[in-house]
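Reading the structure
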Amino acid sequence: MSLAPRAVLVHRTTEYEELLARHGTRGQAEFFLASRGRSITEVAERHHRAARAVADVAAAVPLTWRRARVERADLDRFLFGPEDVVVVVGQDGLVANTAKYLSGQPVAGIDTDPGRNPGVLVRHRPADAGRLLRSAVLPGPAADELAMVEAVADDTQRLVALNEIFLGPAAHQTARYRVGPDHEGTAPEAQASSGIVVGTGTGATGWLRSLWLERGSTLVLPAPSERRLLWFVREAWPSPATGTARVAGALSAAERLRLTVECDRLVVFGDGMESDALSLTWGQTVRVGVCDTALRLLV
């Protein structure tokens with residue numbers, strides 16, 4: 001007998017809850033903000049909107065379904081199942097934070113604060129949750145297949161991201177490494193920089209786009225569903241021992257960027273989640289490219 005679907009509601013602690021955790025009471029938090037010329041009213045209102053959205057989505061889950069909730073900080077310890085339907089209630093970034101832990105489960109993005117969020121990934125309102133959940137378990141649900149990026153180290157460590165992967169020094173200072181295409185007979189270039197960003201078409205609306213604009217790059221930004229990546233080196237330093245010839249490029253679905261570490265520690269993290277990073281050291285190699293798994297975002 002097959003298991004009933006499980007609705008997994010993903011949310012994150014609100015700013016209001018963080019203030020209460022830090023200051024103990026609303027009055028103390030209000031005093032803290034007032035001393036800095038801010039009001040707690042707006043923060044509290046956003047909290048209440050988010051809480052209502054989570055409650056509305058939870059109420060829309062069919063009675064015969066199983067259900068679970070997970071907070072953003074616990075995502076790396078939560079085990080998603082193949083029969084799960086994931087409902088992310090929050091901001092666009094929360095969808096990206098969740099995507100790296102999935103393996104093809106359908107995802108619905110619910111916007112808790114329309115007009116404040118861009119709505120690129122949280123495309124729906126709480127009132128849409130019931131329809132989305134029911135459609136998710138039908139054959140061939142309507143979904144966008146958003147390309148993802150993965151990094152695989154030579155010791156089998158693996159990391160996946162929806163927007164971009166960063167490879168560089170933990171303190172954002174200078175890392176030394178050799179980088180180049182993952183092809184036999186292609187010599188890599190020794191570099192010293194503050195890191196490399198490898199991004200997807202979804203990431204082309206964020207950090208990747210800012211690097212692309214800053215460089216005045218002629219590379220064509222990928223579309224979110226396109227299995228193609230762009231990469232940029234940040235602040236490459238020219239010296240007698242390090243070069244700047246390979247500071248940007250594109251990767252097709254079949255190509256990989258290969259990086260070999262030549263410093264004590266280099267970290268690899270995705271979508272801004274530095275707390276969940278790979279740590280590499282002298283002589284280790286990591287390859288970055290298009291991930292075989294895509295994010296199935298319900299439309």
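Above this text sits the structure in question.
These numbers were taken from a predicted model, which means no experiment stands behind them.

Cut-offs used in this document
Residues numbered from 1 in each chain as written. Predicted model: local features only at pLDDT ≥ 70, side-chain atom pairs only at ≥ 80, totals over all residues. Heavy atoms only, no water. Helix = DSSP H or I, 4+ residues; strand = E, 2+ residues; numbered from the N terminus. Buried < 20%, exposed > 50% of the residue type's maximum accessible area, 1.4 Å probe, protein only. Salt bridge = Lys/Arg side-chain N within 4 Å of Asp/Glu carboxyl O. Pairing = 2+ DSSP bridges. Axes fitted to C-alpha atoms, helices over the stretch in contact; angles between N-to-C directions. Contact = heavy atoms within 4.5 Å.

**Quick notes on unusual backbone geometry**
- Of note in this structure, E235 is not a glycine but carries a positive phi near 55°.
- Among the structural elements, E235 can be located in the loop between β12 (229–233) and β13 (248–251).
- What makes E235 exposed here is its relative accessible area of 61%.
- Phi is positive for D271, which is not a glycine, with a value near 55°.

**A look at the pattern of salt bridges**
- Counted under the stated rule, the structure contains 16 salt bridges.
- A salt bridge links R66 to E83; the shortest N-O distance between them is 2.9 Å. A residue pair is termed long-range when its members are at least 10 positions apart, and R66 in strand β2 (residues 66–71) and E83 in the loop between β2 and β3 (84–90) qualify at 17 residues.
- Put simply, D276 and K100 hold a salt bridge, and the shortest N to O gap is 3.4 Å. Taken together, the positions of D276 in the loop between β15 (266–270) and β16 (278–280) and K100 in the loop between α4 (92–99) and β4 (106–111) put the pair 176 residues apart, joining distant regions of the chain.
- Note on K100: relative accessible area 12%, which makes it buried.

**As for the sheet that holds β15**
- Ordered by their spatial adjacency, six strands build an open sheet running β13-β12-β11-β8-β15-β16, and the pairing between neighbours is antiparallel. Because the sheet does not close on itself, it has two edges, and the strands there are β13 and β16. Strand-to-strand twist in this sheet, taken as the mean axis angle between neighbours without regard to direction, amounts to 15°.
- In this fold helix α6 (residues 207–215) packs onto β8 (164–168), β11 (196–199) and β12, with an angle of close to 60° to the strand it touches most, β12.

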